[in-house]
Amino acid sequence: MKHLLKISDLSVDEFNALISLTEKLKNETKKGISHKLLAGKTLGMIFAKSSTRTRVSFEVGMYQLGGMPLFLSSSDIQLGRGESIYDTANVLSRYLDGIMIRTFLQSDVEQLAEYGKVPVINGLTDDHHPCQALADLFTLYEHKNRLKGLKLAYVGDGNNVAHSLAEACALAGMEFCAASPAGYECRADIIEHAKELAKTTDGKITVTNDPEEAVNDADAVYTDTWVSMGQEKEKEERIKVFMPYQVNKKLFSHAKEDAVFLHCLPAYRGFEMTEEIIDSPFSVVFDEAENRLHAQKAVMVSLMS
Ligand code: CP
Ligand code: NVA
């Protein structure tokens, strides 16, 4: 592993190794065992979009590993005023041991990795959110004791989160079914690639416009906001289109009896899911948020130690 730009950059073995390392780091941290595996190292964190979980979990994770995180808002650094990615990558590589970036274009993250000399971690683009999907599947693993053969239903926008989940389910040998309204489906090329990956793991990747079909017999039901960062102007239109895709009691009743509810957060109650779903005993969203910390520590250790 040189970078983490998207989940499908990982081999099945690398994916499984990250899940195992996440489990070990989490369990040992809970027992009070510390891991100063990145002592003396620095991680630059470039943010061109807002963040609560990603920022805090990377900062705390880096501190727990003995290293130092630097928060670099893209509106404060020269990148935001037009300095090139080429120059930024070369300069930052002279100071830092790793770069995490949250931005709009996946191609910007790829260029940063190409031109820089240090590992690059994608902290969310318009197309992918790999750190999220690692934490999500680790959370599912904790609650179900396995991943292979489980069915995850994704209901809502075919966005960054859905793309990374499709790829992660493919690597894990799971069944992934996304239900989105027409015109808001996952990107066809990403789904095709995930289907190819799933052939090697006995996984199954499907998409539909029918939320009940997706949720039917699922072990986990996942949704995300209908209005991602950068889409604020489309809010009214999106709420209309997505309302029939709300995860509520009726829709959830099609899942398995012991199904769990997942959401990357931030969540908007009354829109993509009702309060009775996200605040229910089968909702594992706060475990999932906590697991961002443990999963990203595993990513940083794998790339930077
Ligand atoms: N889930 C997630 O990435 O949250 P933040 O936007 O708060 O980082
Ligand atoms: N799809 C959302 C995820 C936020 C963590 C967005 O891109 O805003």
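Scroll up for the structure.
The numbers attached to residues start from 1 for each chain and follow its sequence in the written order. All chains are assigned letters beginning with A, and all ligands numbers beginning with 1, in the order in which they are written. Per-residue local features of the predicted model are confined to residues with pLDDT of at least 70, and side-chain atom pairs are confined, for both listing and counting, to 80 or more; whole-chain, interface and lining totals are unaffected and use all residues. To get the side-chain values, take all heavy atoms of the structure and skip hydrogens and water.

Asker: Explanation requested: helix 1 (residues 12-30) in the structure shown.
Answerer: One turn of the α-helix equals 3.6 residues, which is why residues spaced by three or four share an orientation. Put simply, DSSP H or I for four residues or longer makes a helix, DSSP E for two residues or longer makes a strand, and each gets a number counted from the N terminus. Given the number of residues in a helix, its expected span is that number minus one, multiplied by 1.5 Å. The end-to-end C-alpha distance of helix 1 is 27 Å, a good match for the 27 Å that 19 residues give at a rise of 1.5 Å each. Whether two residues are in contact is decided by their heavy atoms, any of which lying within 4.5 Å being enough. Turning to helix 1, the residues buried within the fold contact helix 5 (130-144), helix 6 (160-172) and helix 12 (285-304). G32 lies just past helix 1 and shows a positive phi near 90°.

Asker: I keep staring at the nonpolar core and nothing clicks. Help me out?
Answerer: Soluble globular proteins tend to bury their nonpolar side chains together. What is meant by a nonpolar core is a set of buried Ala, Val, Leu, Ile, Met, Phe, Trp, Tyr and Cys residues, joined one to another through side-chain atoms within 4.5 Å. To sort residues, take the accessible area from a 1.4 Å probe on protein chains only and compare it with the maximum for the residue type: under 20% means buried, over 50% means exposed, and anything in between is partly exposed. Counting residues in each nonpolar core, the largest one holds 58 residues, and the members touching the most others are F15, L137, L140, L152 and F176. Setting aside anything within four residues of it in sequence, one finds L152 in contact with L137, L140, L165, C169, M174, E175, F176, C177, A220, Y222 and L262.

Asker: Sorry if this is basic, but what is going on with helix 5 here?
Answerer: If you check helix 5, its first and last C-alpha atoms are 21 Å apart, about what 15 residues at 1.5 Å a residue would give, namely 21 Å. With 12 of 15 residues buried, helix 5 lies mostly within the body of the structure. Phi for N145, located one or two positions after helix 5, is positive at around 65°.

Asker: What is the right way to look at the sheet that holds strand 1 (residues 42-47) in this model?
Answerer: What holds strands together in a sheet is hydrogen bonding between their backbones, with the strands either parallel or antiparallel. For two strands to be treated as a pair, DSSP must find no fewer than two bridges joining them. Spatially, 2-1-3-4 is the arrangement adopted by the four strands of the open sheet, whose pairing is parallel. Two strands lie at the open edges of the sheet, namely strand 2 (68-73) and strand 4 (120-122), each paired on one side alone. Adjacent strand axes in the sheet meet at a mean angle of 20°, parallel and antiparallel pairs treated alike. Angles here are taken between N-to-C directions and fall from 0 to 180 degrees, while the axes themselves are lines fitted to C-alpha atoms, restricted in helices to the stretch in contact.

Asker: Which parts of the structure should I look at to understand the state of the cysteines?
Answerer: Two cysteines joined by a covalent bond between their sulfur atoms form a disulfide. The term disulfide is used for any two cysteine sulfur atoms that are within 2.5 Å. Using the criterion set out here, one finds zero disulfides in the structure. C186 supplies the cysteine sulfur nearest to C177, a cysteine that is in no disulfide, at a spacing of 9.9 Å. A relative accessible area of 2% means that C177 is categorised as buried. Taking relative accessible area as the criterion, C186 reaches 9% and is therefore assigned buried.

Asker: Could you clarify how one ought to interpret the site of ligand 2 in this entry?
Answerer: Here a residue is near a molecule or strand as soon as one of its heavy atoms is found within 4 Å of it. As a matter of local geometry, ligand 2 sits amid L124, N159, N160, V161, D224, T225, S228, M229 and L265. We call two N or O atoms a polar contact when they sit within 3.5 Å, provided that within protein one can donate a hydrogen and the other can accept it, with sequence-adjacent residues counted only if both atoms are side-chain atoms. Between ligand 2 and N159 there is a distance of 3.3 Å, counted from a nitrogen atom to a side-chain nitrogen or oxygen. A distance of 2.8 Å separates an oxygen atom of ligand 2 from a polar atom in the backbone of M229. Here the nonpolar group is Ala, Val, Leu, Ile, Met, Phe, Trp, Tyr, Cys and Pro; Asp, Glu, Lys and Arg are the charged ones; every other residue, Gly included, is treated as polar. In the shell around ligand 2, the residues fall into four nonpolar, four polar and one charged.

Asker: What should I look at first to understand the packing of helix 5 against helix 6 in this one?
Answerer: Helix packing for two helices is described by the angle between their axes and how far apart those axes are. Where helix 5 meets helix 6, the axes come as close as 9 Å, and the angle between the chain directions of the two elements is 50°. Relative to helix 6, the element helix 5 is oriented oblique. Where helix 5 crosses over helix 6, the handedness of that crossing is right-handed. Between helix 5, through P130, A133, D136 and L137, and helix 6, the contact on the second element is made entirely by S164, L165, A168, C169 and A172. Of the residues in the contact of helix 5 with helix 6, the class split is seven nonpolar, one polar and one charged. An angle below 35 degrees is read as roughly parallel, one above 145 as roughly antiparallel, one from 65 to 115 as roughly perpendicular, and any other as oblique. Handedness of each helix crossing follows the sense of rotation of the near helix against the far helix: counterclockwise by less than a right angle gives left-handed, clockwise gives right-handed.

Asker: I keep staring at the packing of aromatic side chains and nothing clicks. Help me out?
Answerer: Aromatic ring pairs are defined here through the distance separating the ring centres and the angle between the ring planes. The rule is short: rings of Phe, Tyr and Trp, with Trp giving its six-membered ring, pair when the centres are within 6.5 Å, and they are stacked under 30 degrees, edge-to-face over 60, tilted in between. Evaluation of the coordinates by the stated rule reveals eight aromatic pairs. Aromatic pair F47 and F71: ring centres 5.5 Å apart, planes at 35°, arrangement tilted. Taken together, the residues span a long stretch of sequence, with F47 in strand 1 and F71 in strand 2 at a distance of 24 residues. Centroid distance W226 to F242: 5.9 Å. Interplanar angle 15°. Geometry classified as stacked.

Asker: In this structure, what is going on with the site of ligand 1? I would like to understand it.
Answerer: Taken together, the residues surrounding ligand 1 are S51, T52, R53, T54, R102, H129, Q132, C264, L265 and R292. In this structure, an oxygen atom belonging to ligand 1 sits 2.6 Å away from a main-chain N or O atom of T52. Note that a nitrogen atom of ligand 1 is positioned 2.9 Å from one of the backbone N or O atoms of L265. Areas reported here follow the Shrake-Rupley algorithm with a probe of radius 1.4 Å; residue values treat only the protein chains shown as occluding. Look at ligand 1: alone it shows 250 Å² of surface, and the protein chains cover 96% of it. Each residue belonging to the shell around ligand 1 can be placed in one class, and the counts come to two nonpolar, five polar and three charged.

Asker: Before we go on, may I ask you to explain a nonpolar patch on the surface in this structure?
Answerer: Patch definition: residues with relative accessible area over 30% and no salt bridge; like charges joined within 9 Å; nonpolar side chains (Val, Leu, Ile, Met, Phe, Trp, Tyr) joined within 5 Å. We define a salt bridge as a side-chain nitrogen of Lys or Arg found within 4 Å of a carboxyl oxygen belonging to Asp or Glu. Side chains of M243, Y268 and F271 sit close together on the surface and give an oily, nonpolar patch of about 270 Å² of accessible area. Within the secondary structure, F271 sits in the loop between strand 9 (260-263) and helix 11 (275-278).

Asker: Help me understand the packing of helix 2 (residues 53-64) against helix 12, please; the structure alone is not making it clear to me.
Answerer: One way to put it is that helix 2 packs onto helix 12 with a least axis distance of 9 Å and a crossing angle of 55°. Between helix 2 and helix 12, the interaxial angle falls into the category oblique. Considering only the axes of helix 2 and helix 12, their crossing is right-handed. Counted together, R53, T54, S57, F58, V60, G61, M62 and Q64 of helix 2 and A289, R292, L293, Q296, K297, M300 and M304 of helix 12 form the full contact between these two elements. By residue class, the composition of the contact of helix 2 with helix 12 is seven nonpolar, five polar and three charged.

None of the figures reported here should be taken as evidence of function without further support.
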